[in-house]
Amino acid sequence: MELTKGPITPSQPALQLSLPQEVGIQATESTQDAATQYIEPRNEHSYTTHTYRAQTRSRTVATQTETFPHMLDHGYNQPRCSSPLFSPIKLKPEDEADSDGDVTMSSVQEFPSMNNTHDKTYYPSDSDSDCESDFNTESVSPESDRKFIVFESALDRMFRACTQCASLITDIKKVVNGSRVTINWTCANNHFGSWDSQPLLRGMPAGNLLIASAVLFTGGSFSDFNSISKLINLQIISESAFYHYQQSYLLPAIEAEYLLQRNTLLGKYVLAEQAITVCGDARSDSPGYSAKYSSYSFLEELSQQILHFELMQVTQASSSVMMEKAAFQKGVESLEGDGVELEAVVTDRCPSLRKHIREEHSDKRHDLDVWHVSKSITKKLVKAARKLENKDLMPWMKSVANHLWYCSATCGGDPKLMREKWLSILHHVTDSHSWGSCDMFHRCDHEPISPEESRKKLWLKAGSSAHKALQTVVTSKLLLKDMEQMVHFKHTGKFLTTPLA
């Protein structure tokens with residue numbers, strides 16, 4: 001087919017057009033759309049212009065027909081399409097069914113021109129042949145849109161022939177911006193176009209922002225993700241770009257969402273005039289007495305949600321040990337300043353913190369965290385069981401720690417009953433399950449142990465070195481005294497056992 005570019009003028013001689021009987025385009029999955037237009041002769045002075053437009057997501061082809069009579073020239077302006085993802089193919093005849101249903105083509109119909117059909121000075125405007133830049137597809141958010149790893153060699157195969165004239169593409173330029181690639185191409189007939197691998201969000205590649213947010217929100221580190229990407233030659237953002245996204249967009253978004261949820265939760269308790277119990281604990285950047293930073297979190301006991309947290313630097317306290325006390329005091333003042341009424345506070349066994357609550361917050365009940373006390377007992381048992389003569393104590397350490405949880409949960413708020421239940425472990429480990437030395441608790445609560453099960457247990461011998469080591473830990477005066485603050489069974493085990501990012 002021979003076509004003449006440029007405007008249509010009556011002075012030019014008519015051209016003989018030879019078009020195939022069946023013309024069509026192939027729709028493929030892409031975020032672009034394309035239009036193909038050609039002129040078909042109907043008779044000596046009438047021609048039909050066909051515009052085919054592919055919509056990638058709905059996978060349909062729209063057909064428009066317009067008749068321009070008395071045209072003496074068949075000039076043709078090639079439209080500029082933004083993507084080379086469509087190539088001419090031969091479609092099936094209309095009377096044949098489309099087996100896969102990917103592309104459907106409406107029958108060509110004639111529509112009379114909106115202009116005067118006898119006006120020989122009318123020429124089609126540039127808008128008649130230009131490709132539409134927008135496509136009517138259902139919008140999909142960047143985070144929910146599916147992503148695929150595409151090899152560069154597979155991408156290059158999509159940019160071999162021009163979609164307008166089917167000539168070879170002679171020049172391809174790739175612009176890489178993190179995970180986004182922009183391909184600019186030019187064919188042998190000087191047609192050109194551009195294609196982008198991902199959309200922009202306020203001028204930023206959407207994939208770059210999603211990578212930074214995924215690494216931060218999942219608690220990962222950029223160095224680990226970067227090592228994986230380098231191993232498979234996956235193009236991602238740089239480390240400086242990651243921290244730029246984090247500082248400029250991600251951390252402000254986290255803070256805004258946190259404040260929104262916090263104010264909603266606090267408002268519920270303030271409006272209901274409900275006194276609550278908060279469980280608090282501190283975490284430092286390093287163990288021992290050399291910590292520089294510490295964070296103190298307050299957990300609401302019933303909802304198991306973080307109400308508030310405080311960040312403390314060692315320069316804000318007299319020492320690294322006193323950071324926990326200073327952060328707790330600041331956090332309680334902030335909660336009470338927001339109108340929250342505190343019924344009780346649950347903390348660990350920190351001496352300075354216990355003294356501060358006893359003196360400054362005597363109106364609040366102070367409970368000790370069972371999780372922290374159980375952890376302290378386990379450490380002492382491990383230390384004792386490392387001695388050769390106490391090796392028989394090793395199988396019982398987990399049972400002893402679990403027994404403390406059981407005593408706190410079943411004592412019903414009675415300190416004396418909790419102590420007697422706790423001391424009963426000294427009888428149980430020797431295969432003695434009833435005794436008469438207590439006032440309220442005289443036998444084990446578990447079901448009777450069968451002889452077969454009893455033979456499998458590694459019972460301790462009363463008076464042995466392992467039994468005496470266990471007795472030393474169990475009968476500690478400080479531990480028995482602290483049980484008065486554990487009768488309400490309050491703990492922070494749910495969020496303390498979850499690793500931090």
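Residues numbered from 1 in each chain as written. Predicted model: local features only at pLDDT ≥ 70, side-chain atom pairs only at ≥ 80, totals over all residues. Heavy atoms only, no water.

## Some points on the overall build of the protein chain
When helices and strands are tallied, the protein chain shows 14 helices and 15 strands. Within the protein chain, the fraction of its 501 residues that count as buried is 37%. Contacts in the protein chain between residues at least 24 apart in sequence constitute 58% of all its contacts with a sequence separation of at least 6. Just so you have it, the protein chain exposes about 29500 Å², and 53% of that area is on carbon and sulfur atoms. (Helix = DSSP H or I, 4+ residues; strand = E, 2+ residues; numbered from the N terminus. Buried < 20%, exposed > 50% of the residue type's maximum accessible area, 1.4 Å probe, protein only. Contact = heavy atoms within 4.5 Å. Areas by Shrake-Rupley, 256 points an atom, 1.4 Å probe, with all protein chains shown as cover.)

## Considerations on the sheet that holds strand β13 (residues 305–313)
Read from one edge of the open sheet, five strands run β13-β12-β11-β14-β15, paired in mixed fashion. Because the sheet does not close on itself, it has two edges, and the strands there are β13 and β15 (365–368). On average, each strand axis in the sheet is inclined to that of its neighbour by 25°, with strand direction left out of account. As judged from the seven bridges shared by strand β11 (residues 276–284) and strand β12 (residues 293–300), these two strands associate in the antiparallel manner. Pairing of D281 across the sheet is with S297, part of β12. (Pairing = 2+ DSSP bridges. Axes fitted to C-alpha atoms, helices over the stretch in contact; angles between N-to-C directions.)

## A closer look at the pattern of salt bridges
A pair can form between side chains of opposite charge whenever their charged atoms are brought close. Enumeration according to the criterion identifies 15 salt bridges in this entry. The residue R365 makes a salt bridge to E343 at a minimum N-O spacing of 4.0 Å. Remark: E343 occurs in strand β14 (residues 342–347) and R365 occurs in strand β15; sequence separation between them is 22 residues. Take E343: its relative accessible area is 41%, and that puts it in the partly exposed class. A salt bridge links R349 to D482; the nearest nitrogen and oxygen atoms lie 2.8 Å apart. Of this pair, R349 sits in the loop between β14 and α6 (351–360) while D482 sits in helix α13 (residues 477–482), and the two are 133 residues apart along the sequence. Given the relative accessible area of 2%, D482 is considered buried. Each of E152, D156 and K174 takes part in salt bridges that share partners, so that together they form one network. (Salt bridge = Lys/Arg side-chain N within 4 Å of Asp/Glu carboxyl O.)

## Here we look at the sheet that holds strand β8 (residues 192–196)
Spatially, three strands are ordered β6-β7-β8 in an open sheet, and the strand pairing comes out antiparallel. Bordering the open sheet on either side are β6 (169–177) and β8, each of which pairs with just one other strand. Averaged over all pairs of adjacent strands, the angle between strand axes in this sheet comes to 15°, irrespective of strand direction. Where strand β7 (residues 180–187) lies against β8, five bridges are found, and the strand directions are antiparallel. The partner of W185 across the bridge, within β8, is G193.

## Some points on the environment of E360
Mapped onto the elements, E360 comes out in helix α6. Here the alpha-carbon distance between E360 and Q329, two residues 31 residues apart in the chain, equals 9.3 Å.

## So, the packing of aromatic side chains
The final tally for this structure, using the stated rule, is eleven aromatic pairs. Within the aromatic cluster, the residues linked to one another by ring pairs are F222, F242 and Y243. (Phe/Tyr/Trp six-rings, centres within 6.5 Å; stacked < 30°, edge-to-face > 60°.)

## Topic: unusual backbone geometry
One non-glycine residue, Q304, adopts positive backbone phi at about 55°. Tracing the backbone through its elements, the reader meets Q304 in the loop between β12 and β13. Taking the relative accessible area as the measure of exposure, Q304 reaches 26% and is therefore partly exposed. For F489, which is not a glycine, the phi torsion comes out positive at approximately 50°. Position of F489 among the secondary structure elements: in the loop between α13 and α14 (493–496). Residue classification places F489 among the partly exposed residues on the basis of a relative accessible area of 29%.

## Some thoughts on helix α2 (residues 206–217)
Compared with an ideal rise of 1.5 Å per residue, which puts twelve residues at 16 Å, α2 spans 16 Å between its outermost C-alpha atoms and is within 8% of the ideal. Looking at the buried positions of α2, the neighbouring elements they touch are β6, β7, β9 (200–201), β10 (204–205), α3 (222–231) and α4 (239–272). Positive phi shows up at G219, right after α2, with a value of about 75°. (Expected span 1.5 Å × (residues − 1).)

## Examining the nonpolar core
Counting 29 residues, the largest nonpolar core has I377, L393, W422 and L470 as the members making the most contacts within it. Of all elements in the fold, only α7 (370–385), α8 (397–410), α9 (415–423), α10 (425–428), α12 (465–474) and α13 reach the threshold of two or more residues within this core. For I377, the residues in contact, after removing those within four places along its chain, are V400, L404, W422, V473 and L479. Listed in part, the 22 residues of the second largest apolar core include I276, V278, F298 and V345. (Core = buried A, V, L, I, M, F, W, Y, C linked by side-chain atoms within 4.5 Å.)

## As for the confidence of the model for the protein chain
Looking at the protein chain as a whole, the pLDDT averages 76, with 71% of positions reaching at least 70. A low-confidence stretch, residues 1–137 (pLDDT under 50), is modelled with 250 contacts involving residues beyond four sequence positions or located in other chains. (pLDDT = per-residue confidence, 0-100.)

## Focus on the pairing of β14
The buried fraction of β14 amounts to five of the six residues, a majority that puts the element mostly inside the structure. Direction of pairing for β11 relative to β14: parallel, over a ladder of four bridges. Looking across to β14, one finds that I276 is bridged to L342. Both β14 and β15 contribute to a ladder of four bridges, which runs parallel. Looking at β15, one finds that V345 is bridged to H366. Following the chain from β14 across α6 to the adjacent parallel β15, one finds a crossover that is right-handed. (Right-handed = clockwise from strand over helix to strand, strands pointing away.)

## Focus on the packing of α8 against α9
Here α8 crosses α9 at 155°, and the two axes come no closer than 9 Å. One finds that α8 runs roughly antiparallel with respect to α9. Our pair here, α8 against α9, has a crossing hand that is right-handed. Packed against α8, whose contacting residues are V400, H403, L404, Y406, C407, S408 and T410, the element α9 presents L417, M418, K421 and W422 at the interface. Partitioned by chemical class, the residues of the contact of α8 with α9 number seven nonpolar, three polar and one charged. (Parallel < 35°, antiparallel > 145°, perpendicular 65-115°, else oblique. Left-handed = near helix turned anticlockwise from the far one by under 90°. Nonpolar A, V, L, I, M, F, W, Y, C, P; charged D, E, K, R; others polar.)

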